[in-house]
Amino acid sequence: MAKSSTISGVVFIILAVLFTFMTLSDGGYSGNPVFEGKYADPEGAVFGKEYWIYPTSSLPYGEQMFLDAFSSEDLTRWEKHPKIITYKDIPWLRQALWAPSIVQKDGTFYLFFGGNDMHEKGEGGIGVATASSPEGPFKDALGKPLIDEVVNGAQPIDQHVFKDDDGKYYMYYGGWRHCNVVRLSDDLVSLSRFEDGDIFKEITPEGYVEGPFMLKKDGKYYFMWSEGNWTASDYRVAYTISDSPIGPFKRIGTILESDPEIATGAGHHSIIKGQMRDEYYIVYHRHPLDQKDGNDRVVCIDRLFFRKDGTIVPVKITDKGVKAARLGRRNFRMF
Ligand code: FUB
């Protein structure tokens, strides 16, 4: 009796371990798009052991009044977090809640967004909302935009917040073919001056249209942006490499663009760093080949590779997407 219960116990443990391995093991590929629905301007992030994506709701213009977020433990199965913020949480928002960017500091999540598709001072601009968890609920932090004017010709939209290794936060932003960089204060809800006294610095590289993004890798600053028309097939992403977060930024080349076999208008991207040394993912939107409207945009992920000399290999956009990869442990497969 004692012997058979010992055997049952061992069998139970083996089955439990096997089951755990099977459920934790990395399955297939994400497929593209990575989740259903019309979404654009995706900002990827990693919080703890989860990947997150914060996109614009690419609905008809008048309905772009809320943001959903998506989280995943392995890049393939995504959980939708509906309406992490809506116009009801932003007293000054009337239309066009666009292109979020998120950072976490001291337990608070700061969600930066474009509001109202501002053309004239006082109409809207770049706002910031806060929450105590990545799925919100987010609430407007200021009761007004953080940037509410056109400086250096840059429409205040498409902000991307980047934290440098020295702890300084920079915000790159701008539509209408102009890009500015500002520094955020330690509270992340106000601007501070650069050492030379400037608040706004124009850093527009050749070809720039909108959608700036900064990545630091091996001590170099990879500045990237979207070119072309977001409703059309010429939309694409270009990049440069600099020794400084404020440039100069001299265009090197295109890294993401349409593939007539797969999809068109691939652009407005961000990058997620995986856990392995050179594991990078590009998160972007694109138009399906049967696109009927500029807002027919879906969010996709593909691998981003660097050459030995530090330059970026142009991305091969795919229908397959990326292979499952978990954070916080070694990736392995049993089956
Ligand atoms: O999604 C709204 C706008 O379309 C973004 O602000 C632009 O970058 C373009 O993707």
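Residues numbered from 1 in each chain as written. Predicted model: local features only at pLDDT ≥ 70, side-chain atom pairs only at ≥ 80, totals over all residues.

Student: What am I meant to see in the pairing of strand E18 (residues 263–273) here?
Tutor: Each regular strand shows side chains that alternate between the opposite faces of the sheet. Judged by how many residues are buried, E18 sits mostly within the fold: 8 of 11 residues are covered. Sheet topology note: the E18/strand E19 (residues 280–288) ladder contains 7 bridges and is antiparallel. Counted as the bridge partner of Ile 271 is Ile 282 from E19. Counting the residues between successive antiparallel strands, the hairpin from E18 to E19 contains 6 residues. (Buried ≥ 20, exposed ≤ 12 C-beta atoms within 10 Å, placed from the backbone. Helix = DSSP H or I, 4+ residues; strand = E, 2+ residues; numbered from the N terminus. Pairing = 2+ DSSP bridges.)

Student: Looking at this model, I keep getting lost on the sheet that holds E19. Mind explaining?
Tutor: With antiparallel pairing, 3 strands are arranged side by side in an open sheet as E18-E19-E20. Either end of the sheet is taken by a strand with one partner, and the two such strands are E18 and strand E20 (298–304). Pairwise comparison of adjacent strand axes, ignoring direction, gives a mean angle of 30° for this sheet. Here 7 bridges tie E19 to E20, and the two strands are oriented antiparallel to one another. In the strand pairing of E20, Tyr 284 is matched with Cys 300. (Axes fitted to C-alpha atoms, helices over the stretch in contact; angles between N-to-C directions.)

Student: Just to check I follow, could you spell out the sheet that holds strand E16 (residues 236–242) for this structure?
Tutor: To summarise the sheet geometry, strands pair through backbone hydrogen bonds and adopt either a parallel or an antiparallel arrangement. Taken in spatial order, the 4 strands make up an open sheet running E14-E15-E16-E17, and their pairing is antiparallel. Sheet topology places strand E14 (210–217) and strand E17 (253–256) at the edges, where each strand pairs with a single neighbour. Direction aside, the axes of adjacent strands within the sheet are offset by 35° on average. Bridging between E14 and strand E15 (residues 220–227) involves 6 bridges; their strand directions are antiparallel. The residue of E15 that forms the bridge with Lys 217 is Lys 220.

Student: Explain the nonpolar core here, please?
Tutor: In this structure, Leu 111, Ala 129, Met 224 and Val 283 are the most contacted members of the largest nonpolar core, which totals 80 residues. In this view, Met 224 contacts Phe 213, Val 237, Ala 238 and Tyr 239; residues no more than four positions away in its chain are not counted. (Core = buried A, V, L, I, M, F, W, Y, C linked by C-beta atoms within 7 Å. Contact = placed C-beta atoms within 7 Å.)

Student: Would you mind showing me how to read the pairing of strand E6 (residues 108–115) here?
Tutor: With 7 of its 8 residues buried, E6 lies for the most part within the structure. Sheet analysis places strand E5 (residues 98–105) next to E6, joined by 6 bridges and oriented antiparallel. Bridge pairing in E6 links Lys 105 to Thr 108. Hairpin geometry of E5 and E6 is characterised by an intervening segment of 2 residues between the two adjacent antiparallel strands and by a positive phi of about 50° at Asp 106. Pairing analysis gives 7 bridges linking E6 to strand E7 (residues 125–131), with the strands arranged antiparallel. Within the sheet, the bridge partner assigned to Phe 112 lies in E7 and is Val 128.

Student: Can you help me understand the site of the ligand in this one?
Tutor: Lining the immediate surroundings of the ligand are Ala 40, Asp 41, Thr 56, Trp 98, Ala 99, Gly 114, Ile 157, Asp 158, Glu 210, Gly 211, Trp 230 and His 268. When residues of the shell around the ligand are traced back to their parent elements, those giving at least two are strand E1 (39–47), E5 and E14. Of the residues belonging to the shell around the ligand, the class tally is 5 nonpolar, 4 polar and 3 charged. (Near = placed C-beta within 6 Å. Nonpolar A, V, L, I, M, F, W, Y, C, P; charged D, E, K, R; others polar.)

Student: I keep staring at unusual backbone geometry and nothing clicks. Help me out?
Tutor: A negative phi angle is the norm for most residues apart from glycine, just as the trans form is the norm for most peptide bonds. Omega for the bond connecting Asn 32 with Pro 33 falls within 30 degrees of zero, at 0°, which places this linkage in the cis form. Checked against the element boundaries, Pro 33 lands in the loop between helix H1 (2–24) and E1. Unlike most non-glycine residues, Leu 75 shows phi in positive territory, near 75°. The residue Leu 75 is located in the loop between strand E3 (66–72) and strand E4 (78–86) in this model. You will see that Asp 158, though not glycine, has its phi angle at about 55°, which is positive. Inspection of the secondary structure assignment puts Asp 158 in the loop between strand E8 (139–140) and strand E9 (160–163). Its 26 C-beta neighbours within 10 Å are what place Asp 158 among the buried residues.

Limitation: the analysis is restricted to geometry and does not speak to function.
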